[in-house]
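Working through the structure, step by step
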Amino acid sequence: MPLTRAQPAPGPEAMETVPPAVDLVLGASACCLACVFTNPLEVVKTRLQLQGELRARGTYPRLYRGFLASVTAVVRADGLWGLQKGLAAGLLYQGLMNGVRFYCYSLTCQAGLAQQPGGTVLAGAVAGALGAFVGSPAYLVKTQLQAQTVAAMAVGHQHHHQSILGALETIWRQQGLAGLWRGVGGAVPRVTVGSAAQLATFASAKAWVQEQQWLPEDSWLVALAGGMISSIAVAAVMTPFDVVSTRLYNQPVDRTGRGQLYGGLADCLVKIWRQEGPLALYKGLGPAYLRLGPHTILSMLFWDELRKLAGRAQQQGA
């Protein structure tokens, strides 16, 4: 049964409809394409978020200062390819998380939830939480790989993984199956709020832009405008959870697999607030927005255009 993605904006043409399984493939593909372009920003963001961990400002050397200086520091330490550290794990995460996220979001829209007041936000939040849980092992490895660098430029705990498969094997052997989902308590709220903000604001912003009739109704610029608005909301609500998630995933663990620095989401939030100050929850905000902005725009743009093609192909084949 075809699905209507969201309540269509008033006008002669409704959004193309595709089955949830097609949305799974399209959503995963679109976000993986976006990841290739935005992964360097993710590397810089991870380093900035780990810098000065649980230390008051001014008591540690700032190896990474701002976006451009941090990019230069990464290239000097790890070479140009260092900006694509963790790319394979990032692609795996985007495919798993967003495949599940878009599929579940489509199912909730198909059930009519998106047409209810606040339904789009709720659908996005639920879909994001499920996607974050499924993709958590890949994000765990991605974070640890991106934090790794030469000793002189190291921030945060260094795990010394050689590859994504080697990292998964090491974690499995030392911590068991549960170890692959360590830190998921920070990832689920991170993606839940981000997904709700992204999916809700993108659908609403795109519908609003269509209503204004500033741009041709079928133009990709409509999706671009919706993505630009969506990225502001995502960066605002997601960054504190992003910092916490990075810390939980990268912290060292004891022999039982328990974190040595943080006991969970609440403990991490409290320790960062008390020892680093409230602004530390927005560490890496610049590259976080620069990463979230293009990633949101590219992923939603790719997804929207792919859905149009899929919807038209489905109509032609009917």
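Residues numbered from 1 in each chain as written. Predicted model: local features only at pLDDT ≥ 70, side-chain atom pairs only at ≥ 80, totals over all residues. Heavy atoms only, no water.

So, on to the UniProt feature "repeat: Solcar" (unreviewed entry) in the chain. In the numbering used here, UniProt assigns the "repeat: Solcar" (unreviewed entry) feature to residues 18–111, 115–208 and 218–309. From the first C-alpha to the last, residues 18–111 spans 14 Å; its make-up is 72% helix and 0% strand. (UniProt positions renumbered as here; feature names shortened; annotations may be inferred. Helix = DSSP H or I, 4+ residues; strand = E, 2+ residues; numbered from the N terminus.)

In most cases, non-glycine residues show a negative phi, while peptide bonds are predominantly trans. Here L54, not a glycine, exhibits a phi torsion of approximately 55°, which is positive. Here L54 shows up in the loop between α1 (20–50) and α2 (66–78). With relative accessibility at 18%, the residue L54 sits in the buried group. Phi angles above zero are rare outside glycine, and H160 is one such case at about 60°. Along the chain, the position of H160 falls in the loop between α4 (119–147) and α5 (164–179). (Buried < 20%, exposed > 50% of the residue type's maximum accessible area, 1.4 Å probe, protein only.)

Turning our eyes to something else, we now look at the side chain of N250. In this fold, N250 is placed in helix α7 (residues 220–250). Here H157 takes part through its backbone oxygen, which lies 3.0 Å from a polar atom of the side chain of N250. Non-local contacts of N250, meaning those with residues more than four positions away in its chain, are made with L50, T143, Q144, A147, G156, H157 and H159. (Polar contact = N/O pair within 3.5 Å; in protein donor to acceptor, adjacent residues only side chain to side chain. Contact = heavy atoms within 4.5 Å.)

What follows is about the packing of α1 against α4. With their axes 9 Å apart at the nearest point, α1 and α4 run at an angle of 75° to one another. Classified by the interaxial angle, the pair formed by α1 and α4 is roughly perpendicular. Where α1 abuts α4, its residues N39, E42, V43, K45, T46, R47 and L50 lie against Y139, K142, T143, Q146 and A147. Residues of the contact of α1 with α4, tallied by class, amount to four nonpolar, four polar and four charged. (Axes fitted to C-alpha atoms, helices over the stretch in contact; angles between N-to-C directions. Parallel < 35°, antiparallel > 145°, perpendicular 65-115°, else oblique. Nonpolar A, V, L, I, M, F, W, Y, C, P; charged D, E, K, R; others polar.)

Quick look at α4 now. For α4, the principal kink sits at S136 and spans about 60°; a proline, P137, occurs within the next four residues. Taking burial as the measure, the 29 residues of α4 include 22 buried ones, the bulk of the element. (Bend = angle between axes of the 7 residues up to and from the residue.)

The next subject is a nonpolar patch on the surface. A contiguous nonpolar surface patch, about 300 Å² in accessible area, is contributed by L24, V25, Y103 and L107. If you list the elements that add at least two residues to the nonpolar patch, you get α1 and α3 (87–110). (Patch = residues over 30% accessible without salt bridge, like charges linked within 9 Å, V, L, I, M, F, W, Y side chains within 5 Å. Areas by Shrake-Rupley, 256 points an atom, 1.4 Å probe, with all protein chains shown as cover. Salt bridge = Lys/Arg side-chain N within 4 Å of Asp/Glu carboxyl O.)

Let us now look at the state of the cysteines. On inspection of all chains with the given rule, the structure shows zero disulfides. With no disulfide partner, C31 has as its closest neighbouring cysteine sulfur the one in C32, 7.3 Å distant. Free of any disulfide, C35 has its nearest cysteine sulfur in C32, 6.7 Å distant. Residue class for C35 comes out buried when judged on its relative accessible area of 5%. (Disulfide = S-S within 2.5 Å.)

Moving on, we get to empty space enclosed by the protein. Rolled over the atoms, a probe with the dimensions of a water molecule shows which regions are left empty. Evaluated as defined, the whole model comprises three cavities of 30 Å³ or more. In this structure, the largest cavity spans a volume of roughly 270 Å³. As for the largest cavity, its lining consists of 25 residues, and the residues nearest its centre are Q94, M97, M238, R291 and H295. Only α1, α3, α4, α6 (184–212), α7 and α9 (285–317) provide two or more residues apiece to the lining of the largest cavity. Ranked by residues supplied to the lining of the largest cavity, first place goes to α3 with six residues. Partitioning the lining of the largest cavity into residue classes produces nine nonpolar, 11 polar and five charged. (1 Å grid on protein atoms, 1.4 Å probe; cavity = no way out; pocket = protein on both sides within 12 Å on 5 of 7 lines; lining within 4 Å. Points joined across faces, edges and corners; volume = space filled by probe spheres on them.)

So, about the packing of aromatic side chains. A full pass over the atoms with the stated rule returns three aromatic pairs. With a centroid separation of 4.8 Å and an interplanar angle of 65°, the aromatic rings of Y93 and Y139 are classed as edge-to-face. Here Y93 is found in helix α3, whereas its partner Y139 is found in helix α4, with 46 residues between them in sequence. Each member of the pair, Y93 as well as Y139, is classed as buried. Taken together, a centroid distance of 5.3 Å and an interplanar angle of 45° make the contact between Y139 and Y249 tilted. Here Y249 lies in helix α7 and Y139 lies in helix α4, a separation of 110 residues in the sequence. As far as burial versus exposure is concerned, Y139 and Y249 are alike and both buried. (Phe/Tyr/Trp six-rings, centres within 6.5 Å; stacked < 30°, edge-to-face > 60°.)

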